[in-house]
Amino acid sequence: MNKMVAPSLLAADFSNLAKDIDMVNRSDADWFHLDIMDGVFVPNISFGIPVVEAVSKLAKKPLDVHLMIVQPERYIEAFKKAGAHLLNVHLEASTHLHRTVEEIHKNDMKAGVTLNPHSPVHLLEDIIEQVDLVLIMSVNPGFGGQKFIHNTYQKIESLKNLIERKKSRALIEVDGGVSLDNAADLYRAGADVLVSGSFIFNSSDPLHTISQLKKS
Ligand code: DX5
Ligand code: ZN
């Protein structure tokens, strides 16, 4: 268990992103989490490649990029150039997931596969040995500030078993509705990385909130 924290910039102040990036740089957080939404795979549109590039110029920690877009394979090289260290693609959006994971590795990035709440862990059976991380969505992707889905704990458990059985190196990351109400339980269940957006950026002292999440 790693107990890492990845603040999601979706909840940051877009009119003063530099300030929030600086806060994350100074904090105990491990990665920056960047949510890319295309208005097709998910109902919402967030921000794109130029913003990732701008963040990477100021960020002193790795960029964990979560692609909520159709045909993510079309943009692998572009996100590498923009500064991504880890590229997460949705299982539901990737017809040739094995090839996509290979391409991400060829572009010298870590490869993550993301599961929507309805997608069972056993669908990863034949890819788990190739991936560096599995991102379990604990809300339906598309928006920040949603309610945590409780079934996530069972999914972490199944994923942990699969990872052990297949001797995979994959880390387990959880995204959506994460707060101090569930962080300790999530780490205890086997999560290595917790993504948190609104809980961190809407708090009165984000630096302190991040260290509390890490100490959960
Ligand atoms: C949701 C995004 C999340 C989001 C999490 O589609 O993938 O990363 O920013 O936000 P909170 O922590 O507010 O649920
Ligand atoms: Zn995300």
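That block above? That's the structure.
Bear in mind the structure is a predicted one, so any value in this text is a computation, not a measurement.

Calculation notes
Residues numbered from 1 in each chain as written. Chains lettered and ligands numbered in written order. Predicted model: local features only at pLDDT ≥ 70, side-chain atom pairs only at ≥ 80, totals over all residues. Heavy atoms only, no water. Near = heavy atom within 4 Å. Polar contact = N/O pair within 3.5 Å; in protein donor to acceptor, adjacent residues only side chain to side chain. Areas by Shrake-Rupley, 256 points an atom, 1.4 Å probe, with all protein chains shown as cover. Helix = DSSP H or I, 4+ residues; strand = E, 2+ residues; numbered from the N terminus. Nonpolar A, V, L, I, M, F, W, Y, C, P; charged D, E, K, R; others polar. Donors = N, O, S within 2.8 Å, 3.2 Å for Na, K, Ca; no water. Tetrahedral: all angles 85-135°; square planar, octahedral: opposite > 155°, others 65-115°. Buried < 20%, exposed > 50% of the residue type's maximum accessible area, 1.4 Å probe, protein only.

Draft legend 1. Representation of the site of ligand 1 in the model. Around ligand 1, a shell composed of 20 residues is seen, among which Ser8, Gly142, Asp175, Gly197 and Ser198 lie nearest. In the model, an oxygen atom of ligand 1 is placed 3.4 Å from a nitrogen or oxygen of the His33 side chain. Separating an oxygen atom of ligand 1 from a backbone N or O atom of Gly177 is a distance of 2.8 Å. Look at ligand 1: alone it shows 380 Å² of surface, and the protein chains cover 99% of it. Those elements giving two or more residues to the shell around ligand 1 turn out to be strand 2 (32-37), strand 3 (63-68) and strand 8 (193-196). When residues in the shell around ligand 1 are grouped by element, the largest group, 3 residues, is from strand 2. The class makeup of the residues in the shell around ligand 1 is 7 nonpolar, 11 polar and 2 charged.

Draft legend 2. Inspection of the coordination of the zinc ion (ligand 2) at higher detail. At this site the zinc ion (ligand 2) is bound by His33 (NE2), Asp35 (OD), His66 (ND1) and Asp175 (OD), with donor distances of 2.0 to 2.3 Å. Relative to the metal, the 6 donor atoms surrounding the zinc ion (ligand 2) lie at angles of 70 to 168 degrees, and the coordination shape comes out octahedral. In the primary structure, the donors to the zinc ion (ligand 2) are separated according to the pattern H-x1-D-x30-H-x108-D. On the criterion of sequence distance, the pair formed by His33 in strand 2 and Asp175 in strand 7 (residues 171-175) is long-range, its members being 142 residues apart. Residue classification places Asp175 among the buried positions, given a relative accessible area of 8%.

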